[in-house]
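Single-letter residue listing:
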Amino acid sequence: MLFNSFEFLIFFPVVTVLYFILPHKYRWVLLLAASYYFYMAWKPAYVLLIFLSTIIDYFASIWMSKQTEKRKRKAFLLLSLFTNLGLLFVFKYFNFFSVTLGSLFSAMHVAYEAPQFNLLLPMGISFYTFQTLSYTIDVYRGKREPETHFGIFALYVSFFPQLVAGPIERSSHLLPQFYKKQTFDFDRMVYGLKRMAWGFFKKVVIADRMAVLVNTVYGNPGSYNGVAFLTATIMFAFQVYGDFSGYSDIAIGAAKVMGFDLMENFKRPFFSKSITEMWRRWHISLSSWFRDYVYFPLGGSRRGTIRTYINIFITFAISGLWHGANWGFILWGVIQAVFLVFERMTKNIRQKSAEWLGLNKAPLLHKFLQVGYTFIVFLFGLVFFRAESFDKAIYMFQGITHVSREMLSLSALKTMFGSMGLGRVEMAFAIVSLAVLMIAELIERKTPLFSAETRTPKPIKWALGLALVFSIILFGVFENAIEFVYFQF
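In this convention, every chain numbers its residues from 1, walking through the sequence in written order. Whole-chain, interface and lining totals are the exception, using all residues; otherwise, since this is a predicted model, local features are given only for residues with pLDDT of at least 70 and side-chain atom pairs are given and counted only at 80 or more. Neither water nor hydrogens contribute to the side-chain values; these are computed over all heavy atoms in the structure.

A.B. asks: Any chance you could explain the overall build of the protein chain here in plain terms?
C.D. replies: For helices the rule is a DSSP run of H or I covering at least 4 residues; for strands it is a run of E covering at least 2, with both sets numbered from the N terminus onward. The helix and strand inventory of the protein chain stands at 19 helices and zero strands. Relative to a compact globule of 489 residues, whose C-alpha radius of gyration would be 23 Å, the protein chain shows 24 Å and is just as compact. Principal-axis analysis of the C-alpha atoms places the extent of the protein chain at approximately 70 × 70 × 50 Å. For the protein chain, the proportion of contacts with a sequence separation of at least 24, taken over those separated by at least 6, is 75%. Areas reported as accessible are Shrake-Rupley estimates using a 1.4 Å probe. Residue values count occlusion only from the protein chains shown. With an accessible surface of roughly 23900 Å², the protein chain has 67% of that area assigned to carbon and sulfur atoms. Computation of the radius of gyration draws on C-alpha atoms alone. For the globule rule, the value is 2.2 Å times the number of residues to the power 0.38. Any two residues whose heavy atoms approach within 4.5 Å at even a single point are treated as in contact.

Spelled out as structure tokens, the structure:
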């Protein structure tokens, strides 16, 4: 079920009303049934994968906790890892590795027919797999006791607001909340609904409109030039941000209405002053997952400079592969690692250069340059992330670096923008909506937009809320509901 669907507009209020009507001891049953129904609305049979993962991890963690020998504890951890990563590999990565192996044999002139499975990628499998893996790893490390209530644990794995695209919650944060008795709170409900509305605005007004232009250009790069490629890549940056942070806002808001707190997943990433800072603000739940369960176990930064750099490359290469079974995603991850290592290597040089240039005396200009650099680096990686093939990505880079004066003439720009899928009015809506997003995030640095504690007078709060709702209704893209970008991951 999509958040941006008519079905969800009926499903969520019904579940919420029933949740507060039912006695506390039965609420987990409702939420579990609702979560499974939410997922089954997409493809019923694939809910069996979630159930299998839940059963294995539930019993593996309990059996693990009863063992005193590390060898036996590790055996049950390996059972969990093998099951979850095995399912992920079969459904998401088997064909990729099979084709890659076939290409390798072909290059060596060895006859090999690459087998492939004709399987549909289960929605959200990467998200709920990582969520349940973090639980079993924490039990193995002795950081938490195993959950003995099977229904509560099943709800932790499948909780519908964040089931298919996060945030990827930790058991220490989410599991205890299912035991807490929630009472209806009007202010909390208003906050949750506002947060959901902001998420819908990002999704249907910004991201889905940008998607039209981005898909047009990236789907047929041979018909466009470097100006179009650069424009589409900038638009894709805001599309993927509006789409994914919008999903997170809806998930956080929906959970908040019922009394649950989900972790923040984005914190104004486009105002980051470095790639390092960017990855502390973008998809926080995933970045912190890789930090805690990949980077730190590899040794983090504790084993010398060279090993630190190697660990960064391994972590981000795996992160790229997590996003999809495609060499473009892996290359995107490696590009992030290159710039992260570059930032570490040049930290002192950059600080001294800034002092020599006097930028420390002009902090606003310095920050503007840092933010601009970070955004350009982010765009560079996005071309590989979005392009349909490596060859097309290189073709687009060549186009961007060969922009001529003729391409920038007024008549050429009018012709180009007129062929990119958005009319003048639609393009105006896109630009205005981006301005609203950036202004809102600037304000949010000092004043939380949706918090009940802000000093903004209530009439202004309600006026802004109504304006947000009407802008969604009037300017949202609803013709064909577009799936959230991260559903494919």
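A.B. asks: Please explain the pattern of salt bridges as it appears in this structure.
C.D. replies: Close approach of charged atoms lets side chains of opposite charge pair. A side-chain nitrogen of Lys or Arg and a carboxyl oxygen of Asp or Glu constitute a salt bridge if their distance falls within 4 Å. Inspection of the entire model under this criterion finds 14 salt bridges. In this structure, Asp249 and Lys202 form a salt bridge, with 2.8 Å as the shortest nitrogen-oxygen distance. Residue Asp249 is found in helix H9 (residues 226–257), and its partner Lys202 is found in helix H8 (residues 186–219); the two are separated by 47 residues along the sequence. Lys202 carries the same exposure label as Asp249, and that label is buried. Between Lys203 and Asp208 there is a salt bridge, and its shortest N-O distance comes to 2.9 Å. No difference in accessibility class separates Lys203 from Asp208, as the two residues are buried. Where salt bridges share partners, they join Arg195, Lys202, Asp249 and Glu264 into one cluster. Exposure classes here rest on a 1.4 Å probe applied to the protein chains alone. A residue is buried below 20% of its type maximum, exposed above 50%, and partly exposed in between.

A.B. asks: How do you make sense of unusual backbone geometry when you look at a structure like this?
C.D. replies: Outside of glycine, negative phi angles account for most residues, and trans bonds account for most peptide bonds. Each neighbour pair has its own omega, and for Gly166 with Pro167 the value is 5°, a cis peptide bond. Examined against the element boundaries, Pro167 turns out to sit in the loop between helix H6 (150–158) and helix H7 (171–174). For Arg268, which is not glycine, the phi dihedral falls at a positive 50°. By the secondary structure assignment, Arg268 is in the loop between H9 and helix H10 (275–281). A positive phi angle is found at His283, which is not glycine, with a value near 45°.

A.B. asks: I keep staring at the nonpolar core and nothing clicks. Help me out?
C.D. replies: Soluble globular proteins tend to pack their nonpolar side chains together in the buried interior. Throughout this description, the term nonpolar core refers to a set of buried Ala, Val, Leu, Ile, Met, Phe, Trp, Tyr and Cys residues connected via side-chain atoms within 4.5 Å. One finds Phe8, Phe159, Phe160 and Phe270 to be the most contacted residues of the largest nonpolar core, which totals 136 residues. Per-element tally for this core: the top contributor is H9, with 18 residues. Those residues in contact with Phe160 that sit more than four places away from it in its chain are Phe3, Phe8, Phe11, Phe12, Val15, Leu31, Ala34, Ser35, Phe38, Tyr247 and Met258.

A.B. asks: I would appreciate a short explanation of the packing of aromatic side chains in the present structure.
C.D. replies: Remark: the centre distance and the inter-plane angle together describe each pair of aromatic rings, the angle taken between the planes. Two aromatic rings, drawn from Phe, Tyr or Trp (for Trp, its six-membered ring), form a pair once their centres lie within 6.5 Å of each other, and the interplanar angle then sorts them: stacked below 30 degrees, edge-to-face above 60, tilted otherwise. Inspection of the entire model under this criterion finds 67 aromatic pairs. Seen from their ring centres, Trp282 and Phe378 are 5.1 Å apart, and the 55° between their planes marks the pair as tilted. On the criterion of sequence distance, the pair formed by Trp282 in the loop between H10 and helix H11 (284–298) and Phe378 in helix H15 (residues 363–386) is long-range, its members being 96 residues apart. For Lys43, the ring lying beneath its charged end belongs to Tyr46, and the centroid distance is 5.7 Å. Lysine and arginine charges are scored as sitting over a ring when NZ or CZ, respectively, is within 6 Å of the ring centre and within 35 degrees of the ring normal. Positioned over the ring face of Trp322 is Lys92, at 5.4 Å from the centre of the ring.

A.B. asks: When you look at the side chain of Ser245 in this model, what are you seeing that I'm missing?
C.D. replies: With respect to the helices and strands, the residue Ser245 is situated in helix H9. Residue Ser245 is classed as buried on the basis of its relative accessible area of 2%. A distance of 3.3 Å separates a polar atom in the side chain of Ser245 from a polar atom in the side chain of Lys202. For this analysis, a polar contact is any N or O atom pair within 3.5 Å, provided that within protein one partner can donate a hydrogen and the other can accept it, and provided that sequence-adjacent residues contribute only side-chain to side-chain pairs. Reaching out from Ser245, the side chain makes a polar contact with the backbone oxygen of Tyr241 at a distance of 2.5 Å.

A.B. asks: How should a positive patch on the surface be read in this particular structure?
C.D. replies: Taken together, the side chains of Arg280, Arg344, Lys347 and Arg350 define a basic patch exposed on the protein surface. The residue Arg344 is located in helix H13 (residues 327–345) in this model. Distance thresholds for patches are 9 Å for like charges and 5 Å for nonpolar side chains (Val, Leu, Ile, Met, Phe, Trp, Tyr), applied to residues having over 30% relative accessible area and no salt bridge. Residues counted as positive are Lys and Arg, residues counted as negative are Asp and Glu, and His and the chain ends are not counted. Taken as the charge location is NZ of Lys, CZ of Arg, CG of Asp or CD of Glu.

A.B. asks: Would you mind going over the environment of Pro363 with me for this structure?
C.D. replies: Here Pro363 shows up in helix H15. By relative accessible area, which is 56% here, Pro363 ends up exposed. Sequence-wise, Pro363 and Ile400 are 37 residues apart; in three dimensions their C-alpha atoms are separated by 31 Å.

A.B. asks: Help me understand H6 in this model?
C.D. replies: Since one α-helical turn is 3.6 residues long, residues separated by three or four positions face the same way. Among the nine residues in H6, eight count as buried, and that is most of the element. Here H6 has its buried residues at Gly151, Ile152, Phe153, Ala154, Leu155, Tyr156, Val157 and Ser158.

A.B. asks: Looking at this model, I keep getting lost on the environment of Ile473. Mind explaining?
C.D. replies: Relative to the assigned elements, Ile473 resides in helix H19 (residues 458–475). When its relative accessible area of 53% is taken as the criterion, Ile473 is described as exposed. Measuring from C-alpha to C-alpha, the distance between Ile473 and Val205 comes to 9.0 Å, with 268 residues separating the pair along the chain.

A.B. asks: How do you make sense of the side chain of Ser61 when you look at a structure like this?
C.D. replies: Among the secondary structure elements, Ser61 is positioned in helix H3 (residues 47–65). For Ser61, the side chain forms a polar contact with the main-chain oxygen of Asp57, separated by 3.0 Å.

A.B. asks: Looking at this structure, how should I read the packing of H8 against helix H18 (residues 424–444)?
C.D. replies: Helix-helix packing: each pair is described by the crossing angle between the helix axes and the interaxial distance. Note on geometry: axes are C-alpha line fits, over the in-contact stretch for helices, and angles between N-to-C directions span 0 to 180 degrees. H18 packs onto H8 with a crossing angle of 140° between their chain directions and a minimal axis gap of 10 Å. One finds that H8 runs oblique with respect to H18. Helix-helix and strand crossings are classified by hand; for H8 and H18 the assignment is left-handed. In contact with Trp198, Phe201, Lys202, Val205, Ile206, Arg209, Met210 and Leu213 of H8, H18 contributes Glu426, Met427, Phe429, Ala430, Ser433, Leu434, Val436, Leu437, Ala440 and Glu441. An angle below 35 degrees is treated as roughly parallel, one above 145 as roughly antiparallel, one from 65 to 115 as roughly perpendicular, and anything else as oblique. Each crossing gets its handedness from the near helix: less than a right angle anticlockwise from the far helix is left-handed, clockwise is right-handed.

A.B. asks: When you look at a nonpolar patch on the surface in this model, what are you seeing that I'm missing?
C.D. replies: Together, Phe6, Leu9, Ile10, Val14, Val17, Leu18 and Ile21 give the surface a local cluster of nonpolar side chains, amounting to about 690 Å² of exposed area. Relative to the helices and strands, Val14 resides in helix H1 (residues 6–21).

A.B. asks: Mind showing me how you'd approach the environment of Phe429 here?
C.D. replies: The topology assignment puts Phe429 in helix H18. With 46 residues separating them in the primary sequence, Phe429 and Phe475 have C-alpha atoms 7.6 Å apart. Those residues in contact with Phe429, other than ones at most four positions away along the chain, are Arg209 and Phe475.

A.B. asks: Any chance you could explain the packing of H13 against H15 here in plain terms?
C.D. replies: Contact geometry for H13 and H15: axes closest at 8 Å, N-to-C directions at 155°. Between H13 and H15, the angle is such that the two are roughly antiparallel. The handedness of the crossing between H13 and H15 is right-handed. Between H13 and H15, the residues in contact are Gly328, Phe329, Leu331, Trp332, Ile335, Gln336, Phe339, Phe342 and Glu343 and Tyr373, Val377, Phe380, Gly381, Leu382, Phe384 and Phe385, respectively. Under the grouping applied here, Gly and all other residues not named as nonpolar or charged are polar, the nonpolar ones being Ala, Val, Leu, Ile, Met, Phe, Trp, Tyr, Cys and Pro and the charged ones Asp, Glu, Lys and Arg. For the contact of H13 with H15, the residue count by class is 12 nonpolar, three polar and one charged.

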